[in-house]
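Here are the chains, one letter per residue:
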Amino acid sequence: MLKLTYTETSFHLECLTLSLEEWVAQRVILALRVGQSLSIEPSTASFLLPVNLPGLEQLKVQVRWDERKIIALCASDSEYVEVTLSGSWLSDGSENAQGVFVTTMSDRTEFLLHKLWVAAQVCTSVMSE
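If you're wondering where the values come from, they're calculated on a predicted model, not measured in any experiment.

Undergrad: Got a sec to walk through the side chain of Gln-62? Specific residues and values, please.
TA: If you trace the backbone, Gln-62 turns up in helix 2 (residues 56-65). Looking at Gln-62, its side chain comes within polar contact range of the side chain of Thr-109, at 3.1 Å. Aside from chain neighbours lying at most four places away, what touches Gln-62 is Ser-106, Arg-108, Thr-109 and Leu-112.

Right, here's the structure in full:
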């Protein structure tokens with residue numbers, strides 16, 4: 001499963017070995033035990049990847065094979081492609097932009113997407129130095 005954690009200033013993508021159902025169940029139990037509100041709703045999440053990122057063509061092939069249409073790619077501009085994922089948004093129910101987005105797709109696609117996201121982060125940090 002993929003987990004995208006959104007904060008006010010950024011997001012972090014993780015590839016987890018737990019099933020989506022197991023992870024959500026653990027999150028619900030935690031919220032109950034600490035007395036925290038938890039809202040779960042169907043949603044989408046999007047982020048950008050550089051178009052010249054090695055491995056992006058592999059992702060395009062994986063997207064074409066995705067029968068459930070969990071992932072979509074769209075040219076954002078000449079430098080970036082937008083990755084849109086369908087899944088679930090978990091938050092405390094408030095209107096702020098903080099929360100966790102989770103989705104599941106084939107292990108191969110999840111691993112590739114995570115690998116590309118990490119590579120994009122490395123490229124961004126190198127460019128900013």
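Undergrad: With reference to specific residues and values, describe unusual backbone geometry.
TA: You will see that Lys-69, though not glycine, has its phi angle at about 60°, which is positive. Take Lys-69: it is sitting in the loop between helix 2 and strand 4 (71-75). Looking at Lys-69, the relative accessible area reads 58%, which means it is exposed.

Undergrad: Explain the side chain of Thr-109 residue by residue, including any values.
TA: Turning to its location among the elements, Thr-109 is positioned in helix 3 (residues 107-128). Among all residues touching Thr-109, those that are not within four sequence positions of it are Leu-59 and Gln-62.

Parameters and conventions
Residues numbered from 1 in each chain as written. Predicted model: local features only at pLDDT ≥ 70, side-chain atom pairs only at ≥ 80, totals over all residues. Heavy atoms only, no water. Helix = DSSP H or I, 4+ residues; strand = E, 2+ residues; numbered from the N terminus. Polar contact = N/O pair within 3.5 Å; in protein donor to acceptor, adjacent residues only side chain to side chain. Contact = heavy atoms within 4.5 Å. Buried < 20%, exposed > 50% of the residue type's maximum accessible area, 1.4 Å probe, protein only.

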